[in-house]
Amino acid sequence: MRDKLSREHEVRAWRFVLPALLWTLIFFVMPFGFMVVMSLWDRIDNVIVRTWNLNQYREFLLKPYYWQALVNSLQLTVTVTLVSLVLAYPLAWIIAMRVPERWQRLALLLAIIPFWTSYVVRSYAWLLILARNGLLNKALLATGLVDLPLEIAATRYATVTGFVHFFVMLLTLTIYANLKQLSPNHVRAAADLGAGPVRCFLHITLPLTLPGIMVGAFLTFVLCIGDYITPQILGGGNELVLPQVIMMQISRRADFPSAAALSIVLMLVVSLVYLLCARWLRLERAR
Amino acid sequence: MRRQAGSWLSGFYLLLMYGFIYLPVTVLVLFSFQGGRFPILPFNGPSLKWYRQVLADSKLTDAMFNSLLVAVCSSFLAVILGFLAAFALARFSLPARALQRALLTAPLTVSYLIIGLGLLIMFNMLGVGRSLWTVGVGHVVINAPLCFAIIYSQMGAHQVNVERAARDLGASLVTTVWLVTLPMMMPSVMASFFLSMTFSWDEFIIAFLLSRFDVTLPVEIWSLLRSGLNPKTNAAGSLVFLVSVIFIVLMELLVFRRIKRG
């Protein structure tokens, strides 16, 4: 059917794609336009003033409260991405290389079932474990490892734990898919030539799966930096991240211009990281 | 000897990670059967009283109904939009196809918070009130790209000949799509439908920003969280998890069994 189209045919084809295109334009592109406009307005004495200016962006640069949130977001996201990768890679590798072939699908399925717990509920479940009177402290106190309960909930450690739990499942899936695509011949050849298992891994398997790792890491970065729920439930009010500050502008102060400007900053950061990743991947392929 | 030490280590690591992955769900479900007032040790159950409380709480059951309604309706629309666009872009050489594909999948790369906030600002400025309708609109925005991407990736060349045969035998384009393409694409259509359902069912931030009086279940659970650790929240959360698992099992049964047979 993909031949040269008659005029009449082309009109029909447009009819199929138009609903989705219009939907995307009206409810995705247009809201973004409204957001840009809103970020260029001002809010004085609780009233939104429709004068064009860059006050919101200037405020972002001048107030430590705002850019500290961005710094917190970046630190948190980088930590989460690295820890998740370090934990997920061996898991994916063991499932792909050590678990017998016919059990692999089951092993993978088991590793991602908790993925389908509701996002809000999952963070709450971690609170049950990490809270002052939660499971972890009860266990530590009972074994005498600590004398006083640890204050983990409402710190960055709790947020990292909640995030890492989620992304280990996601990354195990993507890294596993990557490892399975690898031809075993490369490793076999290296082993025949006398390379030990560690050397085979460091010089063959790891470099060949690096592009896949980068894609997974980028996915983690994007999902983590834009998330409000986990930091809000587990991290609490200390060391706010950017999405928390954005939500605060809306729910506490109804300051839409500021929230819009902060959202655009967040989008710019993500786009920048995307460009860096894409550039790195192109260089890697060209090599 | 060394090999054996390695496999012990592998087994140990596997056990450790599965423990980590299952720890929160286990604690959640276990303490939903708690007998006492707090979901902390010691466990003094099992008791079903918190489930009874959840099912007797009309706010929660209303929210559950709202969530199902939004999930079914928004997923239905998302699948229709995604399927039609995937068909058009896979089968016709329309101008600017790469650009159209990029535009249709763009919402996948933007955080839900920003999509929700953009819609909120737009609806506010246009004077559209927040309701379940606006939540549904938001969920179609996030799910239609997913449906499009899944169905588009499955639109292979092998179905083209069957479609062409139908056309040669005199079927109109619409008839061909309805009676030939759609049945052939059913596995990926169903897969994207159920995936959309689970995402909509679980989605919090867009529903939180765009709803007002009628809220969905994750938003209602969010307000339960304010009461601190509470076995009732455990029970509600366990029920949400159960429904998600049902969606996934349905998908597995309806979609992947069919693929195996077909």
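Residues numbered from 1 in each chain as written. Chains lettered and ligands numbered in written order. Predicted model: local features only at pLDDT ≥ 70, side-chain atom pairs only at ≥ 80, totals over all residues. Heavy atoms only, no water.

## Here we look at the side chain of Ser-244 of chain B
Short version of the rule: Only DSSP runs of H or I covering at least 4 residues are called helices, and only runs of E covering at least 2 are called strands; the numbering of each starts at the N terminus. Only protein chains enter the accessibility calculation, which uses a 1.4 Å probe; a residue is then buried when its area is under 20% of its type maximum, exposed when over 50%, and partly exposed in between. Whether two residues are in contact is decided by their heavy atoms: any pair within 4.5 Å suffices.
Tracing the chain through its elements places Ser-244 of chain B in helix H11 (residues 231-261). Ser-244 of chain B gets classed as buried once you look at its relative accessible area, which sits at 0%. Beyond its immediate stretch of four places on either side in the chain, Ser-244 of chain B contacts Trp-116 of chain A together with Thr-198, Trp-201 and Asp-202 of chain B.

## Observations regarding the confidence of the model for chain A
Short version of the rule: What pLDDT reports is the predictor's confidence in each residue, on a scale of 0 through 100.
When pLDDT is averaged along chain A, the result is 85; 96% of the residues meet or exceed 70. pLDDT under 50 marks residues 1-5 of chain A. Its contacts with residues more than four places away, or in other chains, come to 17 contacts.

## Focus: the environment of Leu-250 of chain B
All names here are of chain B. Here Leu-250 is to be found in helix H11. According to the relative accessible area criterion, Leu-250 is partly exposed, its value standing at 34%. Placed 175 residues apart in sequence, Leu-250 and Ser-75 show a C-alpha to C-alpha distance of 15 Å. Sequence-distant contacts of Leu-250, that is, excluding residues within four places in its chain, are made with Phe-194 and Val-255.

## Details of the interface of chain A and chain B
Keep this limit in mind: Here the quantity called buried area is the total loss of accessible area, with a 1.4 Å probe, experienced by two parts when brought into contact, counted for both. Counted as salt bridges are all cases of a side-chain nitrogen of Lys or Arg within 4 Å of a carboxyl oxygen of Asp or Glu. Identification of polar contacts relies on pairs of N or O atoms within 3.5 Å, with a donor-acceptor requirement for protein atoms, meaning one able to donate a hydrogen and the other able to accept it, and with residues adjacent in sequence counted only if both atoms are side-chain atoms.
Taken residue by residue, the interface counts 79 residues in chain A and 84 residues in chain B. Between chain A and chain B lies a buried interface of about 7,600 Å² when both sides are counted; carbon and sulfur atoms form 80% of it. Along the contact surface separating chain A from chain B lie zero salt bridges. Summed over the shared surface of chain A and chain B, the number is six residue pairs in polar contact (both at pLDDT 80 or more). Per element, the largest residue contribution to the side of chain A that touches chain B is 22 residues, and it comes from helix H1 (residues 7-39) of chain A.

## Some points on the packing of helix H11 (residues 242-251) of chain A against helix H5 (residues 112-126) of chain B
Definition in use: Simply put, an axis is a line fit to the C-alpha atoms, just over the touching stretch for a helix, and the angle between two N-to-C directions goes from 0 to 180 degrees. Orientation is classified from the angle alone, with under 35 degrees giving roughly parallel, over 145 giving roughly antiparallel, 65 to 115 giving roughly perpendicular, and any other angle giving oblique. Crossings are classed by handedness, with left-handed meaning an anticlockwise turn of the near helix from the far one by less than a right angle and right-handed meaning a clockwise turn. For this classification, Asp, Glu, Lys and Arg are treated as charged, while Ala, Val, Leu, Ile, Met, Phe, Trp, Tyr, Cys and Pro are nonpolar and the rest, including Gly, are polar.
Where H11 of chain A meets H5 of chain B, the axes come as close as 12 Å, and the angle between the chain directions of the two elements is 20°. If you check the angle between H11 of chain A and H5 of chain B, you find them roughly parallel. For the pair H11 of chain A and H5 of chain B, the sense of crossing is left-handed. Contacts between H11 of chain A and H5 of chain B pair Pro-243, Ile-246, Met-247 and Ile-250 of chain A from the former with Leu-113, Leu-117 and Leu-120 of chain B from the latter. Residue composition of the contact of H11 of chain A with H5 of chain B, grouped by class: seven nonpolar, no polar and no charged.

## A look at the confidence of the model for chain B
A low pLDDT means the predicted coordinates there should not be read in detail. Residues and elements named next belong to chain B. Taken residue by residue, chain B gives an average pLDDT of 86. The fraction at 70 or more is 96%. Per-element confidence in chain B is highest for helix H9 (residues 205-210), whose mean pLDDT is 94, and lowest for H11, whose mean pLDDT is 78. For this predicted complex, the interface confidence comes out at an ipTM of 0.86, alongside a pTM of 0.86.

## Let's talk about the packing of aromatic side chains
Our working definition: Any pair of Phe, Tyr and Trp rings, taking the six-membered ring for Trp, is counted once the centres come within 6.5 Å. Such a pair is stacked with planes under 30 degrees apart, edge-to-face with planes over 60 apart, and tilted for the rest.
Overall, the coordinates contain 19 aromatic pairs over all chains when judged by the stated rule. Look at Phe-163 of chain A and Phe-167 of chain A: their rings are 5.9 Å apart centre to centre, the planes differ by 20°, and that puts the pair in the stacked class. Placement of both Phe-163 of chain A and Phe-167 of chain A in helix H7 (residues 156-181) is noted, with a separation of four residues, approximately one turn of the helix. A single burial state applies to Phe-163 of chain A and to Phe-167 of chain A, both of which are buried. For the pair Phe-193 of chain B and Phe-194 of chain B, a centre-to-centre distance of 5.6 Å together with 75° between the ring planes defines the contact as edge-to-face.

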